[in-house]
Amino acid sequence: MYQIRNLTENDDINVLESLGAFTTIEYLRDLSVTPNSAAAAYFASQMNVRRRQVICDLSKSHVVVQAGAMQWTVGNVNATTGLKGVGDLFGKALRGKVTGESAIKPEYTGDGVMVLEPTYKYILLEDLSSWNGSIVLDDGLFLACEASLQQKAVMRSNLSSAVAGGEGLFNLGIVGNGVVCLESPCPREELIEITLQNDVLKVDGNMAIAWSGSLEFTVERSGKTLIGSAASGEGLVNVYRGTGKVLLAPVTG
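Everything quoted here is computed from the prediction, not taken from an experiment.

Q: Can you help me understand the packing of aromatic side chains in this one?
A: Two measures describe an aromatic ring pair: the distance that separates the ring centres and the angle between the ring planes. Following the criterion strictly, the structure yields 4 aromatic pairs and no others. Centroid distance Y42 to F43: 5.2 Å. Interplanar angle 80 degrees. Geometry classified as edge-to-face. By the ring-pair criterion, three or more aromatic residues cluster together here, those being W211, F217 and Y240. The side chain of R51 reaches across the aromatic face of Y27, ending 4.6 Å from its centre.

Pasting the structure below:
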């Protein structure tokens, strides 16, 4: 039996969102300051530079988290590798190699509570039912997900143009029914959501942080010819083609 006090009911903590097994909180002010750092902490808070954390209720769902993300647990909580055999180990190691993600992400089971490490990034909770059961992530966005979801490496459609564009050949894809927790470089209020219905989105730069797994993702010339691309001044662009949606973070980078 356990009780947690002075966490979500603390008047300095704002509960931002709850979805599935996850609840995100935000520290409105940094009270652990010295006289020398108080002014910087005050202005950081005014500009929305604040610490945020994710609380995982394992009684609702077991969760998989990025390696090293756990800060503390209470109650019946057990950490496992989530491996189902040698073949699964090989597959996850290969996926981690090509996507740049950690090969083994620990899976936490039980019915207790786990709190993840604080971050100054913005936390996004995405229900995959609103993504038709499949989402592809830009590098470094994955923080946690419900254990019912499956992870896979998603390969770019045209390898040669991906190499020419300086982009990676693989991204991390999440498939299934459940909630995924992302670390975004900018808040949801600044994200642009583009919904495509058998159409095309072209983006100059790595502004897309997540897109539907149903979309075809390639790197192409901005114009039909080399001369046209040179005249436009854009060169190669990221292209998302088909039916689905894309989240853009245009104010970062």
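That covers the picture; the talk isn't over yet.
Q: Even after reading the chapter, I still don't get the confidence of the model for the protein, so can you show me in this structure?
A: Detailed reading of predicted coordinates is not advised where the pLDDT is low. Averaged over all residues, the pLDDT of the protein is 85; the fraction at 70 or higher stands at 81%. pLDDT under 50 marks residues 85–91. Its contacts with residues more than four places away, or in other chains, come to 4 contacts. Predicted confidence for residues 226–233 stays below pLDDT 50, and this span has 8 contacts to residues more than four positions away or in other chains.

Q: Mind showing me how you'd approach a nonpolar patch on the surface here?
A: Together, Y2, I4 and W72 make up an exposed nonpolar region whose accessible area comes to about 240 Å². Inspection of the secondary structure puts W72 in strand 5 (residues 70–74).

Q: I keep staring at the pattern of salt bridges and nothing clicks. Help me out?
A: Should the charged atoms of two oppositely charged side chains come close, the side chains can pair. One pass over the structure, following the stated rule, counts 7 salt bridges. A salt bridge links D12 to R29; the nearest nitrogen and oxygen atoms lie 3.0 Å apart. Residue D12 is found in the segment before strand 1 (13–19), and its partner R29 is found in the loop between strand 2 (22–27) and helix 1 (38–46); the two are separated by 17 residues along the sequence. The salt bridge partner of E220 is R241, with a shortest N-O separation of 3.1 Å. Taken together, the residues span a long stretch of sequence, with E220 in strand 17 (residues 216–221) and R241 in strand 18 (residues 236–248) at a distance of 21 residues. Residue classification places E220 among the partly exposed positions, given a relative accessible area of 23%. Classification of R241 by relative accessible area gives partly exposed; the value is 28%. Among the charged side chains, a network of salt bridges with common partners joins E26, R50 and R52.

Procedures and definitions
Residues numbered from 1 in each chain as written. Predicted model: local features only at pLDDT ≥ 70, side-chain atom pairs only at ≥ 80, totals over all residues. Heavy atoms only, no water. Phe/Tyr/Trp six-rings, centres within 6.5 Å; stacked < 30°, edge-to-face > 60°. Lys NZ or Arg CZ within 6 Å of the ring centre and 35° of its normal. pLDDT = per-residue confidence, 0-100. Contact = heavy atoms within 4.5 Å. Patch = residues over 30% accessible without salt bridge, like charges linked within 9 Å, V, L, I, M, F, W, Y side chains within 5 Å. Areas by Shrake-Rupley, 256 points an atom, 1.4 Å probe, with all protein chains shown as cover. Salt bridge = Lys/Arg side-chain N within 4 Å of Asp/Glu carboxyl O. Helix = DSSP H or I, 4+ residues; strand = E, 2+ residues; numbered from the N terminus. Buried < 20%, exposed > 50% of the residue type's maximum accessible area, 1.4 Å probe, protein only.

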